[in-house]
Amino acid sequence: IGIKYDITTSTYFFGEYNAIYGYNKHTLDNLINFGIGYMPGMQPSHIHDASKRAAELEYSTQTQLDKITFHFDINSYTAKQLHNQKLKELAQYLSQYPDFIVVINGHSSSDGPAAYNKKLSQLRAQTIKDMLVSQYSLHSKRIFIIGYAATRPITSNHTDKEKSANRRASVRLI
């Protein structure tokens, strides 16, 4: 469950609550996130214009960029070498369209305690953000990260292959 409240045209308050069964499936972990966001110079009309431009862009390009996913090894938030080409394509696109905002969602498999997976998923998203900022000079204020832990799997977490698919960071353009 989450909420976002605009304080001014460039600042907002957000909160999120997640209830997740713990590693041993006998405990319930409660995760609560609160924060204040600031987007200097971003007025609602800019966000609307960016969304409108996204709709006007070639559908296949937009769809491909929204499907960029970075996979990670077990208990790792270290980027793999094969991430470089995906990052380059994303950075080139974002350089052409500076009004887009990037949300990087970090995820984990269900192995391990929920609090650990929450932090690991945040670190995975932060790794991708750091690479976009340091290697491609994208402005860090355009990139937001969210760590979802194991709350949004793309497949079940029953087999090693399924767990591997869930250890990821994905990109969403706004």
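Now for a quick tour of the structure. (Residues numbered from 1 in each chain as written. Predicted model: local features only at pLDDT ≥ 70, side-chain atom pairs only at ≥ 80, totals over all residues. Heavy atoms only, no water.)

1. Focus: the sheet that holds strand 6 (residues 143-147)
Stage number 1. Read across the open sheet, the 4 strands follow the order 4-7-5-6; overall the sheet is mixed. Strands at the two margins of the open sheet, each flanked by one partner only, are strand 4 (69-71) and strand 6. Looking at each pair of strands side by side, their axes are set apart by 20 degrees on average, direction ignored.
Stage number 2. The pairing of strand 5 (residues 102-106) with strand 6 spans 5 bridges and is parallel. From the neighbouring strand, Ile 104 faces strand 6, where its bridge partner is Ile 145.
Stage number 3. Helix-sheet contacts for helix 3 (residues 83-96) involve strand 4, strand 5 and strand 7 (168-173), and the interaxial angle to strand 4 is about 155 degrees. (Pairing = 2+ DSSP bridges. Helix = DSSP H or I, 4+ residues; strand = E, 2+ residues; numbered from the N terminus. Axes fitted to C-alpha atoms, helices over the stretch in contact; angles between N-to-C directions. Contact = heavy atoms within 4.5 Å.)

2. Quick look at the packing of aromatic side chains
Stage number 1. Applying the stated criterion to the full structure yields 3 aromatic pairs.
Stage number 2. Between Tyr 93 and Tyr 97, the ring centres sit 5.0 Å apart and the planes meet at 40 degrees, which makes this aromatic pair tilted.
Stage number 3. Take Tyr 93: its relative accessible area is 7%, and that puts it in the buried class.
Stage number 4. Its relative accessible area of 23% is what places Tyr 97 among the partly exposed residues.
Stage number 5. Both rings, one in Tyr 93 and one in Phe 100, keep their centres 6.0 Å apart while their planes meet at 40 degrees; by these two values the pair is tilted. Each member of the pair Tyr 93 and Phe 100 is classed as buried.
Stage number 6. Grouped by ring-pair contacts, the aromatic residues Tyr 93, Tyr 97 and Phe 100 constitute a single cluster.
Stage number 7. A cation sits over an aromatic face here: Lys 86 above Phe 70, 5.8 Å from the ring centre. (Phe/Tyr/Trp six-rings, centres within 6.5 Å; stacked < 30°, edge-to-face > 60°. Buried < 20%, exposed > 50% of the residue type's maximum accessible area, 1.4 Å probe, protein only. Lys NZ or Arg CZ within 6 Å of the ring centre and 35° of its normal.)

3. Some words on the pairing of strand 7
Stage number 1. With 5 of 6 residues buried, strand 7 lies mostly within the body of the structure.
Stage number 2. Bridge count between strand 4 and strand 7: 3 bridges; the pairing is antiparallel. Counterpart to His 71 in the pairing with strand 7 is Arg 168.
Stage number 3. With 5 bridges joining them, strand 5 and strand 7 adopt antiparallel strand pairing. When the sheet's bridge partners are listed, Val 103 is paired in strand 7 with Arg 172.

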